[in-house]
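Letter by letter, the chains look like this.
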Amino acid sequence: LNPNIREDMVSFCKGIIAFYEKEYEKAQFLLLQVNEFNFEYHLNKETLLLKAFYLCQHRFFVSKLDTFKSYLRQNKQLNKDTRTVHHNFCKALKQLETIRKNIDFWKNKRLQPEKTQKQAESFLIYLQSDKNIAEKSWLKEEFQILFDMK
C-alpha cells in the first residue's frame, strides 16, 4: 500500500468496521480523518458518514447532506450515472429524515398521522421506482425500523 495513503486507508477501514459494529460516533470520528485521495473512496466515505450522521441524529446532518449534494454538483470527475445515484440517495435520505421527525411529532400528538402516512407512501414509491439509488436496501431497512418503532 502506498505510504502516502496508508493512514487514510487504515482510518477508512476502521471507520467502516465501527459503523457496522453500530459505533456510529466512533465511525464519524475515524471517517472524518480520511483525506480525499480518491474520489471513489471519497463517495463511499461521505455516504457512510451521512448514514452515521442520520443514525446518530447528528445536529449537522442537514448541513452535511447539503455539502455532499454540492460536492456532487461541482465535481467534474464524476460521471452522470455516479452523480445521479448519489443524488438520489441524498434525496431519499432527506425524505427519510423528514418522516422520522414527523413520526416523533406524531407520537407527541403534534402532527396528524395522515401526513406522515402520505410521506411514507411517497418514500416507498420513490424507492420502488426504477431509479438508481445508492444504498437502496439500507434505506428500506431504516424505513422499516421507523415503522416498527411507531
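Residues numbered from 1 in each chain as written. Predicted model: local features only at pLDDT ≥ 70, side-chain atom pairs only at ≥ 80, totals over all residues. Heavy atoms only, no water.

Examining the overall build of the protein
No. 1: Along the protein, the regular secondary structure elements total 7 helices and 0 strands.
No. 2: The C-alpha radius of gyration of the protein comes to 17 Å, within 12% of the 15 Å expected for a compact globule of 150 residues.
No. 3: For the C-alpha atoms alone, the extent of the protein along its principal axes is close to 55 × 35 × 25 Å.
No. 4: Long-range contacts, defined here as pairs at least 24 residues apart, represent 61% of the contacts in the protein between residues at least 6 apart.
No. 5: On the protein, roughly 9,200 Å² of surface is accessible, and the fraction owed to carbon and sulfur atoms is 50%.
No. 6: Taken together, the 26 basic and 19 acidic charged side chains of the protein have centroids lying 5 Å from each other. (Helix = DSSP H or I, 4+ residues; strand = E, 2+ residues; numbered from the N terminus. Rg over C-alpha atoms; globule rule 2.2 N^0.38 Å. Contact = heavy atoms within 4.5 Å. Areas by Shrake-Rupley, 256 points an atom, 1.4 Å probe, with all protein chains shown as cover. Lys, Arg positive; Asp, Glu negative; His and termini not counted. Charge placed at Lys NZ, Arg CZ, Asp CG, Glu CD.)

Looking at the side chain of histidine 86
No. 1: Locating histidine 86 in the fold gives a position in helix H5 (residues 80-107).
No. 2: There is a polar contact of 3.0 Å between the side chain of histidine 86 and the backbone oxygen of threonine 82.
No. 3: Setting aside anything within four residues of it in sequence, one finds histidine 86 in contact with Leu43, Thr47, Phe68, Leu72 and Ala134. (Polar contact = N/O pair within 3.5 Å; in protein donor to acceptor, adjacent residues only side chain to side chain.)

Some words on the pattern of salt bridges
No. 1: With the rule as written, the count across this model stands at 7 salt bridges.
No. 2: Its salt-bridge partner being lysine 45, residue glutamate 46 comes within 3.5 Å of it at the nearest N-O pair.
No. 3: Between lysine 51 and glutamate 135 there is a salt bridge; the shortest N-O distance is 2.9 Å. Here lysine 51, found in helix H3 (residues 39-56), pairs with glutamate 135, found in the loop between helix H6 (113-128) and helix H7 (136-149); they are 84 residues apart in sequence, far enough to count as distant.
No. 4: According to the relative accessible area criterion, lysine 51 is buried, its value standing at 2%. (Salt bridge = Lys/Arg side-chain N within 4 Å of Asp/Glu carboxyl O. Buried < 20%, exposed > 50% of the residue type's maximum accessible area, 1.4 Å probe, protein only.)

Considerations on the state of the cysteines
Covalent bonding between the sulfur atoms of two cysteines defines a disulfide.
No. 1: Inspection of the entire model under this criterion finds 0 disulfides.
No. 2: The thiol sulfur of cysteine 90 is not disulfide-bonded, and the nearest other cysteine sulfur, from cysteine 56, lies at 18 Å. (Disulfide = S-S within 2.5 Å.)

A look at H6
No. 1: Between its terminal C-alpha atoms H6 stretches 22 Å, which fits the 22 Å expected from 16 residues at 1.5 Å a residue.
No. 2: Every buried residue of H6 is accounted for by Thr116, Ala120, Phe123, Tyr126 and Leu127. Projected onto a plane normal to the axis of H6, the buried residues spread over an arc of 125° and lie on a single side. Away from the buried face of H6 by more than 90 degrees, exposed residues Lys118, Ile125 and Gln128 are located. (Expected span 1.5 Å × (residues − 1). Arc of directions from axis to C-beta.)

Concerning the nonpolar core
No. 1: Within the largest apolar cluster, 39 residues are counted, with the highest numbers of intra-cluster contacts made by Leu50, Phe89, Leu93, Leu96, Phe123 and Leu139.
No. 2: Elements supplying a minimum of two residues to this core: helix H1 (6-20), helix H2 (24-32), H3, helix H4 (61-74), H5, H6 and H7.
No. 3: Beyond its immediate sequence surroundings of up to four residues, leucine 139 is in contact with Phe89, Ala92, Leu93, Leu96, Phe123, Leu127, Ile133 and Ala134. (Core = buried A, V, L, I, M, F, W, Y, C linked by side-chain atoms within 4.5 Å.)

Considerations on H2
No. 1: All of the buried residues in H2 are Tyr24, Ala27, Gln28, Leu30 and Leu31.
No. 2: Buried positions along H2 lie against H1 and H3.

Observations regarding the confidence of the model for the protein
No. 1: Averaged over all residues, the pLDDT of the protein equals 89, while 93% of them reach at least 70.
No. 2: By mean pLDDT, the top-scoring element of the protein is H2 (96), and the lowest-scoring one is H6 (86). (pLDDT = per-residue confidence, 0-100.)

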